Amino acid sequence: MSTIPEEKGLDHSHHLLQEGFPFIQNRVEKFNSNIFKTRVMLQNVVCLHGEEGAKVFYDFDKFMRFGAIPGRIQKSLMGENAIQTMDGDAHRHRKAMFMSLMTPHSLHSLNRLLLDQWQAFSQKWEQLEEVVLFEESQELLCRVACAWTGVPVNESEVRYWAQDFTAMVDAFGGVGPRHWRGRRARRRTEKWVEQIIKDIRKGKITVPDQSPAHVIAFHRDLEDELLDPRMAAIELINLLRPMVAIAWYITFGAVALHEHPVARQKIAEGEENYLEWFVQEVRRYYPFGPFLGNRVKNDFSWGGHDFQKGTLVLLDMYGALHDPQIWEHPDQFYPYRFRDWKGSAYDFIPQGGGDHFTGHRCAGEWVTIEAMKVSMLYLSKYLEYDVPPQDLSFSLHRMPTYPKSKFIMRQVRGRQVAEEDTGMTTLSKCPFHHG
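Thoughts on empty space enclosed by the protein
Now for step 1: The final tally for this structure, using the stated rule, is one cavity of 30 Å³ or more.
Now for step 2: When its volume is computed, the largest cavity comes out at roughly 40 Å³.
Now for step 3: In this structure, the largest cavity is lined by Tyr249, Arg283, Tyr286, Pro287, Phe288, Gly289, Met317, Tyr318, Leu321 and Pro350.
Now for step 4: The residue makeup of the lining of the largest cavity, split by class, is eight nonpolar, one polar and one charged.

Encoded structure:
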């Protein structure tokens, strides 16, 4: 017999759209409970909040991803039947492929590519009257993503593909035109990358053996079969698209540097560990994803509720990053809070929780951290610019959200990167690295 709070009403999807990111957090506070029942998308839903709820959510004896991600999200954001929808041995096997790409050598190569592109773009920006960072960083990251993965791209098409990757991300919380733009972008991009997969397999395109494009093109499933070319394309896009999505974090990071000039100074002066703390605080403080979904795999009881097989369960991601029970003064931007953070895999979940290697925590989290560290260092130490008056506020009702002005810069001037800043890598310090 369930004893948890239940929100009354036929359906609360309209409240989700109206409230945005704090939807679950608002009800956690209303009910004074980290678990409650509601109805979303015309189905019964159990919502979980907090570290203990996250630990249960990532118990894959109790939960599964199959059926948890709506088809509309698969058709726009991540691709149908991709790794995010998989469970069990099949998921672990596919995840191992992705994690094999996250080596110190690979991330070092990523850093060099990023720094090269930051320098190239800064030279271009010096000739411009005005730079919109959110838009420019999408193209910058698309160039890096293609070079790092081994995907060949024509110079004239880079911005075009960057816009398509961005449209996929922008569609995940959108309805109407935003959603349809994302679906059209996905169809175009899958067709493009599928042909690249076929050409790599036929030897028409040569890429390095250890490159992500080669690894994915020749990855074999548990039946020792190559992935279908379309599925291989979807998984390769699952590296390209998230890398372009880092433009959201870079833009928020630029806002944080502007609003906290002391932080910019500390990064430029190289205060030990501060750059990493700053990046983590950007990922905590600024909103990116509202929640995550699973389906109950087997009946079980927890937290005063009897979970029934097939029930949709949502884990509060945004609320966990702004919970005063976890973070002291969570509405303040304070990088030093990570100085004493113990590295729990369940209280800091901007890209999912649990274990990278065996669970559904984002395989590209280290890529995000690396790209952010390089970008924040460059913006702080090697790029001078003016920030004219503009609207840097962002809406919690829009998913995903970004500063309304998209961060405008003027009078941009870049400097040559010092050699000591070209070899940064985070992997050895990552608290979730078990290999």
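Side note on helix α2 (residues 23-31)
Now for step 1: Along α2, the residues classified as buried are Phe23, Ile24, Gln25, Arg27 and Val28.
Now for step 2: Turning to α2, the residues buried within the fold contact α1 (13-19), β1 (35-40), β2 (43-48), β5 (291-296), β8 (312-316) and α14 (317-320).
Now for step 3: In the segment just after α2, Asn32 is the residue with positive phi, at about 55°.

Description of the pattern of salt bridges
Now for step 1: Scanning the model with the defined rule gives 27 salt bridges in all.
Now for step 2: In this structure, Asp89 and Arg92 form a salt bridge, with 2.5 Å as the shortest nitrogen-oxygen distance. With Asp89 and Arg92 both in helix α5 (residues 88-99) and three residues apart, the pair spans about one turn of that helix.
Now for step 3: A residue is classified by how much of its surface remains accessible, and Arg92, at 40% relative accessible area, is partly exposed.
Now for step 4: A salt bridge links Glu194 to Arg230; its shortest N-O distance comes to 2.6 Å. Here Glu194, found in helix α9 (residues 177-202), pairs with Arg230, found in helix α11 (residues 229-259); they are 36 residues apart in sequence, far enough to count as distant.
Now for step 5: Taken together, the salt bridges that share partners define one network made up of Lys124, Glu136, Glu139, Arg143, Glu155 and Arg159.

What about the sheet that holds strand β10 (residues 408-414)?
Through backbone hydrogen bonds, the strands of a sheet pair up, either in parallel or in antiparallel fashion.
Now for step 1: Read from one edge of the open sheet, three strands run β4-β10-β9, paired in antiparallel fashion. A strand with exactly one partner marks an edge of an open sheet, and here the two such strands are β4 (131-132) and β9 (383-386).
Now for step 2: Sheet topology places β9 next to β10; three bridges connect them, and they run antiparallel. Residue pairing in the sheet places Glu384 in a bridge with Arg413 of β10.
Now for step 3: Of the strands in this sheet, β9 and β10 are in contact with helix α15 (residues 365-382), which crosses β9 at around 75°.

Looking at the sheet that holds β8
Now for step 1: Strands sit in the order β1-β2-β8-β5-β3 across an open sheet of five strands; the sheet is mixed. Each having just a single partner strand, β1 and β3 (63-64) make up the two edges of the open sheet.
Now for step 2: Here two bridges tie β3 to β5, and the two strands are oriented antiparallel to one another. Residue Phe63 lies in a different strand from β5, and its bridge partner there is Val296.
Now for step 3: Its contacts with the sheet put α2 on β1, β2, β5 and β8, and the angle it makes with β1 is roughly 130°.

Calculation criteria
- Residues numbered from 1 in each chain as written.
- Predicted model: local features only at pLDDT ≥ 70, side-chain atom pairs only at ≥ 80, totals over all residues.
- Heavy atoms only, no water.
- 1 Å grid on protein atoms, 1.4 Å probe; cavity = no way out; pocket = protein on both sides within 12 Å on 5 of 7 lines; lining within 4 Å.
- Points joined across faces, edges and corners; volume = space filled by probe spheres on them.
- Nonpolar A, V, L, I, M, F, W, Y, C, P; charged D, E, K, R; others polar.
- Buried < 20%, exposed > 50% of the residue type's maximum accessible area, 1.4 Å probe, protein only.
- Helix = DSSP H or I, 4+ residues; strand = E, 2+ residues; numbered from the N terminus.
- Contact = heavy atoms within 4.5 Å.
- Salt bridge = Lys/Arg side-chain N within 4 Å of Asp/Glu carboxyl O.
- Pairing = 2+ DSSP bridges.
- Axes fitted to C-alpha atoms, helices over the stretch in contact; angles between N-to-C directions.

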